[in-house]
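Observations on chain architecture
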Amino acid sequence: MAFIVSLWLPIIVATVGVFLVSVITHMLLPYHRSDVRKLPPDKEDVLLETLRKINVGPGDYAAPHAGGPSGMRDPAFIAKATKGPLAFMTLAPGSAPSMGPYLALWFVYCLVVSGVAAYLVWRVLGPGDRFSAVFKLGCTVAFLSFGMALPQMSIWYRRSWTTTVKSLFDSVLYGLATGGAFAYLWPK
């Protein structure tokens, strides 16, 4: 735990840096505004009313759903999948719009990633290593932590590759913020 005492400031600064970069990329810059498309109002109302009527609980769903490997060979499943559409969706209970809890969770997540990245850089390089070495390794570990699980959503759940690539770009920025904070504040 000695690394926590030595690295609390780089961890906090990296966390705040990533958080601020994410605010800029998601709230100020326009490139994430097309990540999720809006249904036409008449279709949105019909869809939401239908979901309320069938009363499906919160969770992640796919339709059609094979149920397992043997279901992938079921002619009924094959016919539904071939006819389309295919749906992958997350349902959540209704609530008043509020970003506060999600921003708090995002901050905690950034703190955990920064802490893990700092630990790995500490274990590989230790205190007093060169600015460039700390920067490169900090950037790499943070990028891998924030970004490399994103492509699987496009591979398996058909998420738009454009959205995934934009989020990977964000992950590069998060890596730069983390690596910069670590390199400037790394213990001598």
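Residues numbered from 1 in each chain as written. Predicted model: local features only at pLDDT ≥ 70, side-chain atom pairs only at ≥ 80, totals over all residues. Heavy atoms only, no water.

For the rest of this paragraph, the subject is the packing of aromatic side chains. The relative placement of two aromatic rings is captured by the distance of their centres and the angle of their planes. For the coordinates displayed, the defined rule picks out 12 aromatic pairs. Seen from their ring centres, Trp122 and Trp186 are 6.2 Å apart, and the 55° between their planes marks the pair as tilted. Placement of Trp122 in helix α4 (residues 100-125) and of Trp186 in the segment after α7 (161-185) is noted, with a sequence separation of 64 residues between them. One exposure class covers both Trp122 and Trp186, and it is buried. (Phe/Tyr/Trp six-rings, centres within 6.5 Å; stacked < 30°, edge-to-face > 60°. Helix = DSSP H or I, 4+ residues; strand = E, 2+ residues; numbered from the N terminus. Buried < 20%, exposed > 50% of the residue type's maximum accessible area, 1.4 Å probe, protein only.)

Taken as a whole, this structure holds four salt bridges when the rule is applied. A salt bridge links Lys38 to Glu44; its shortest N-O distance comes to 3.3 Å. For Lys38, a relative accessible area of 62% translates into the label exposed. With a closest N to O distance of 3.1 Å, Arg52 and Glu49 form a salt bridge. Placement of both Arg52 and Glu49 in helix α2 (residues 41-54) is noted, with a separation of three residues, approximately one turn of the helix. For Glu49, a relative accessible area of 37% gives the class partly exposed. (Salt bridge = Lys/Arg side-chain N within 4 Å of Asp/Glu carboxyl O.)

Its 17 residues give helix α5 (residues 131-147) an end-to-end C-alpha distance of 24 Å, which sits within 8% of 24 Å, the value for a rise of 1.5 Å per residue. Looking at α5, one finds that the buried residues are Ala133, Val134, Gly138, Cys139, Val141, Ala142, Phe146 and Gly147. Elements that come into contact with the buried residues of α5 comprise α1 (2-28), α4, α6 (151-157) and α7. (Expected span 1.5 Å × (residues − 1). Contact = heavy atoms within 4.5 Å.)

Moving on, we come to α4. Given 3.6 residues per helical turn, the α-helix brings residues three or four places apart onto the same face. Between its first and last C-alpha, α4 extends 37 Å over 26 residues, near the 38 Å set by a 1.5 Å rise per residue. Along α4, the residues classified as buried are Cys110, Val113, Ser114, Gly115, Ala117, Ala118, Val121 and Trp122. Of the surrounding elements, those touching the buried residues of α4 are α1, α5 and α7.

Taken together, the side chains of Trp8, Leu9, Ile12, Val13, Val16, Leu20, Leu111, Phe131, Tyr184 and Leu185 make up a nonpolar region of the molecular surface, amounting to roughly 910 Å² of accessible area. Looking at the nonpolar patch, the elements that each hand over two or more residues are α1 and α7. Residue contributions to the nonpolar patch peak at six residues, all from α1. Among the structural elements, Leu111 can be located in helix α4. (Patch = residues over 30% accessible without salt bridge, like charges linked within 9 Å, V, L, I, M, F, W, Y side chains within 5 Å. Areas by Shrake-Rupley, 256 points an atom, 1.4 Å probe, with all protein chains shown as cover.)

Along the chain, Ala63 connects to Pro64 via a cis peptide bond; the corresponding omega equals -5°. Mapped onto the elements, Pro64 comes out in the loop between β1 (59-63) and α3 (75-83). Along the chain, Gly84 connects to Pro85 via a cis peptide bond; the corresponding omega equals 0°. Within the secondary structure, Pro85 is located in the loop between α3 and β2 (87-91). Backbone geometry places Asn55, a non-glycine residue, at a positive phi of 55°. In this structure Asn55 comes out as exposed when scored by relative accessible area, which is 65%. Located in the positive-phi region is Arg158, a residue other than glycine, with phi close to 60°. Inspection of the secondary structure puts Arg158 in the loop between α6 and α7. Note on Arg158: relative accessible area 57%, which makes it exposed.

Contact geometry for α1 and α4: axes closest at 8 Å, N-to-C directions at 135°. Between α1 and α4, the angle is such that the two are oblique. In this structure, the crossing between α1 and α4 has a hand that is right-handed. From α1, Phe3, Ser6, Leu7, Ile11, Ile12, Ala14, Thr15, Val16, Val18, Phe19, Ser22 and Met27 reach across to α4, where they touch Leu103, Trp106, Phe107, Cys110, Leu111, Ser114, Gly115, Ala118, Tyr119 and Trp122. Of the residues belonging to the contact of α1 with α4, the class tally is 17 nonpolar, five polar and no charged. (Axes fitted to C-alpha atoms, helices over the stretch in contact; angles between N-to-C directions. Parallel < 35°, antiparallel > 145°, perpendicular 65-115°, else oblique. Left-handed = near helix turned anticlockwise from the far one by under 90°. Nonpolar A, V, L, I, M, F, W, Y, C, P; charged D, E, K, R; others polar.)

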